[in-house]
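# Structural overview for review
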Amino acid sequence: MIIKARGENLELNTFHCLRVRKKLEKKDEDNYKSLKKGWHGELQFDQLLLGLTNECLILNNLLLEVSNTLFQIDSLLMTQKKSYIFEVKNFDGDFYIENDRMHMLTGKEIKNPLIQLSRSESLFRQLLQELRLNAVVESKIVFINPEFYLYDAPQKGPFVFHAQLNRFLKSLDNAAGTTGVSDGRLRFAKRLVDLHIAKSPFSKIPAYTYEELEKGIVCKRGCLDYEDTNRQTLVCKKCGFVEDKETAVLRSIEEFKLLFPDKQITVNIIHEWCKVIKSKKTIQKVLTKNFDLILSGKGSYYVDKK
Ligand SMILES: [Zn+2]
């Protein structure tokens, strides 16, 4: 049973919107790529856990705090007897560990997931103690990518490699057993969800301003080349994608809200943001139909429908 779904990755979504409208520096582009890759790995692992047949509780993407220290858990799986912390890594290529440091075969050092995992596990135990909750905790690093290889991997390391995944999941299923989970366990899991911190302070999104971003509507395939044909549709000059104007404008408003949550939505700003739509009336129509108008002294603006 999923107690907490992974949800949307706002950081990744913001990056995604941003990089179409602004040339990112190399380090930001690298951050975006690794974030995207990591996220895909986590989604893949979610699918695998859904294949478990015996009753267990799944909590994805938890950000928790204990003693003023934040820690993140990719996936937490609770059976009646045990809680499993999973750190999912979607690395590919050849790696080795030397003196507690993890390197790619090329020599490039990457953050050692073992250190990350033992930190999360220790903080999780502290949190359980604080909450006076009892659980046996086991943690694992799941290397989900079949192209990953770790030289001289310690036999007793907390690793699950791609080739071991199926067997590992079977053993999890067996460990979960057919007896199910008690109401106490369920309350325990829900307590953790209540403690989850929704807004992560660890964002790697680079600074940006409204003014510097390229305006226009991004087509569904990711180009910024729509042309207003004066009909009900927009046509992408680059990839040929055709889209209903209202749908396209609405998607663009969602992007605007994500990138500028503090800015008011007005006809003028959305007209400027969408750029390609010639008539302000079209923008006004879409806004009036899909949002609530708030009249205020200086000018009116739109908010989500109640
Ligand atoms: Zn296109």
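Every chain begins its residue count from 1, and numbering advances along the sequence as written. Owing to the predicted nature of the model, reporting of local features is limited to residues with pLDDT of at least 70; listing and counting of side-chain atom pairs is limited to 80 or more, with chain, interface and lining totals taken over all residues. Excluded from the side-chain calculation are hydrogens and water; included are all heavy atoms of the structure.

## Things to note about the coordination of the zinc ion
Water is not among the atoms examined, so metal sites may look incomplete; donors are the N, O and S atoms within 2.8 Å of the metal, or within 3.2 Å for Na, K and Ca. Protein-derived ligands of the zinc ion are C219 (SG), C223 (SG), C236 (SG) and C239 (SG), with the metal-ligand distances lying across 2.3 Å. Here the zinc ion binds four donor atoms, and the angle range of 103 to 121 degrees at the metal identifies the geometry as tetrahedral. Written as a sequence motif, the donor residues of the zinc ion are C-x3-C-x12-C-x2-C. Angular criteria define each label, namely tetrahedral for four donors with all angles between 85 and 135 degrees, square planar for four and octahedral for six donors with opposite donors over 155 degrees apart and remaining angles between 65 and 115, and irregular for whatever fails these tests.

## Topic: the pattern of salt bridges
Each reported salt bridge corresponds to a side-chain nitrogen of Lys or Arg within 4 Å of a carboxyl oxygen of Asp or Glu. Counted according to the given criterion, the structure contains 19 salt bridges. In this structure, E212 and K22 form a salt bridge, with 3.3 Å as the shortest nitrogen-oxygen distance. Of this pair, E212 sits in the loop between α5 (183-195) and β11 (226-228) while K22 sits in the loop between α1 (10-21) and α2 (26-50), placing them 190 residues apart in sequence. Of the charged contacts in the structure, one is a salt bridge between K82 and E138, with a shortest N-O distance of 2.4 Å. Runs of E in the DSSP output that reach at least two residues are strands. Runs of H or I that reach at least four are helices, and both are numbered from the N terminus.

## Some remarks on the state of the cysteines
The criterion for a disulfide is a pair of cysteine sulfur atoms lying within 2.5 Å. Under the criterion given, the structure shown has zero disulfides. C17 supplies the cysteine sulfur nearest to C274, a cysteine that is in no disulfide, at a spacing of 13 Å. Only protein chains enter the area calculation, which uses a 1.4 Å probe; residues under 20% of their type maximum are buried, those over 50% are exposed, and those in between are partly exposed. Using a relative accessible area of 0% as the deciding quantity, one classes C274 as buried.

## Digging into α1
End to end, α1 covers 17 Å across 12 residues, agreeing with the expected 16 Å (1.5 Å per residue, within 8%). Taken together, the buried positions of α1 are L12, T14, F15, C17, L18 and R21. Turning to α1, the residues buried within the fold contact α2, α6 (245-259) and α7 (267-274). Two N or O atoms form a polar contact when they lie within 3.5 Å of each other; inside protein one atom must be a possible hydrogen donor and the other a possible acceptor, and for residues adjacent in sequence the pair counts only when both atoms belong to side chains. For α1, the side-chain oxygen to backbone nitrogen distance between the N-cap and E11 is 3.2 Å, and the N-cap itself is N9. Multiplying 1.5 Å by the residue count of a helix minus one yields the expected span of that helix. Here, two residues are considered to be in contact whenever any of their heavy atoms come within 4.5 Å of each other.

## With respect to the pairing of strand β15 (residues 301-304)
Sheet topology places strand β14 (residues 291-294) next to β15; four bridges connect them, and they run antiparallel. Within β15, the residue paired with F291 across the bridge is D304. Here β14 hands over to β15 after six residues, the two strands then running antiparallel side by side. For two strands to be treated as a pair, DSSP must find no fewer than two bridges joining them.

## Observations concerning the side chain of N9
You can see N9 is positioned in the loop between β1 (2-4) and α1. Here the side chain of N9 touches L12 through a polar contact of 3.0 Å, landing on its backbone nitrogen.

## Brief notes about the pairing of strand β9 (residues 148-151)
The side-chain alternation of β9 yields one buried face, formed by F148 and L150, and one unburied face, formed by Y149 and Y151. Where strand β5 (residues 93-98) lies against β9, four bridges are found, and the strand directions are parallel. Residue pairing for β9: G93 is matched across the bridge by F148.

## A closer look at the packing of α1 against α6
Contact geometry of α1 with α6 gives a least axis separation of 10 Å together with a crossing angle of 110 degrees. With respect to their mutual orientation, α1 and α6 come out roughly perpendicular. With respect to the hand of their crossing, α1 and α6 are arranged in left-handed fashion. For the pair α1 and α6, the contacting residues are L10, N13, T14, C17, L18 and R21 in the first and S252, E255, L258 and L259 in the second. For the contact of α1 with α6, the residue count by class is five nonpolar, three polar and two charged. In this description, a line fitted to the C-alpha atoms serves as the axis of each element, helices being fitted only across the stretch in contact, and the angle between N-to-C directions of two axes falls anywhere from 0 to 180 degrees. In these notes the angle categories are as follows: under 35 degrees is roughly parallel, over 145 is roughly antiparallel, 65 to 115 is roughly perpendicular, and the rest is oblique. Crossing handedness follows the turn of the near helix against the far one: under a right angle anticlockwise gives a left-handed crossing, and clockwise gives a right-handed one. Only Asp, Glu, Lys and Arg are considered charged in this grouping, and only Ala, Val, Leu, Ile, Met, Phe, Trp, Tyr, Cys and Pro are considered nonpolar; every other residue, Gly among them, is considered polar.

## A look at the environment of L213
With respect to the secondary-structure elements, L213 resides in the loop between α5 and β11. Note: C-alpha distance between L213 and F260 (47 residues apart in sequence) is 12 Å. Leave out the neighbours within four places in its chain, and L213 touches L18, R21, K22, Y208, L259, F260 and W273.

## Comments concerning the confidence of the model for the chain
When pLDDT drops low, the exact placement of atoms in the prediction is not to be read closely. The pLDDT value expresses, per residue, how confident the predictor is, ranging between 0 and 100. With 100% of its residues at a pLDDT of at least 70, the chain reaches an overall mean of 94. When mean pLDDT is compared element by element in the chain, α7 scores highest at 97, while β11 scores lowest at 90.

## Let's talk about unusual backbone geometry
For residues besides glycine, phi is generally negative; the peptide bonds are generally trans as well. Of note in this structure, N61 is not a glycine but carries a positive phi near 55 degrees. With respect to the helices, strands and loops of the structure, N61 is situated in strand β2 (residues 57-66). Even without being glycine, S67 reaches a positive phi, approximately 45 degrees. For S67, the position within the fold is in the loop between β2 and β3 (69-78).

## So, the packing of aromatic side chains
Any two rings among Phe, Tyr and Trp, with Trp reduced to its six-membered ring, count as a pair given centres within 6.5 Å; such a pair is stacked if its planes are under 30 degrees apart, edge-to-face if over 60, and tilted if neither. This structure, assessed with the given rule, holds 21 aromatic pairs. Between F91 and F95, the aromatic rings sit 5.4 Å apart at their centres with planes inclined by 20 degrees, giving stacked as the arrangement. Its relative accessible area of 3% is what places F95 among the buried residues. Between F260 and W273, the aromatic rings sit 6.0 Å apart at their centres with planes inclined by 90 degrees, giving edge-to-face as the arrangement. Pair noted here: F260 is in the loop between α6 and α7 and W273 is in helix α7, with a separation of 13 residues, a long-range link. Given a relative accessible area of 9%, F260 falls into the buried group. Taken together, the ring pairs in this structure connect F91, F95, F143, F148, F159 and F161 into an aromatic cluster.

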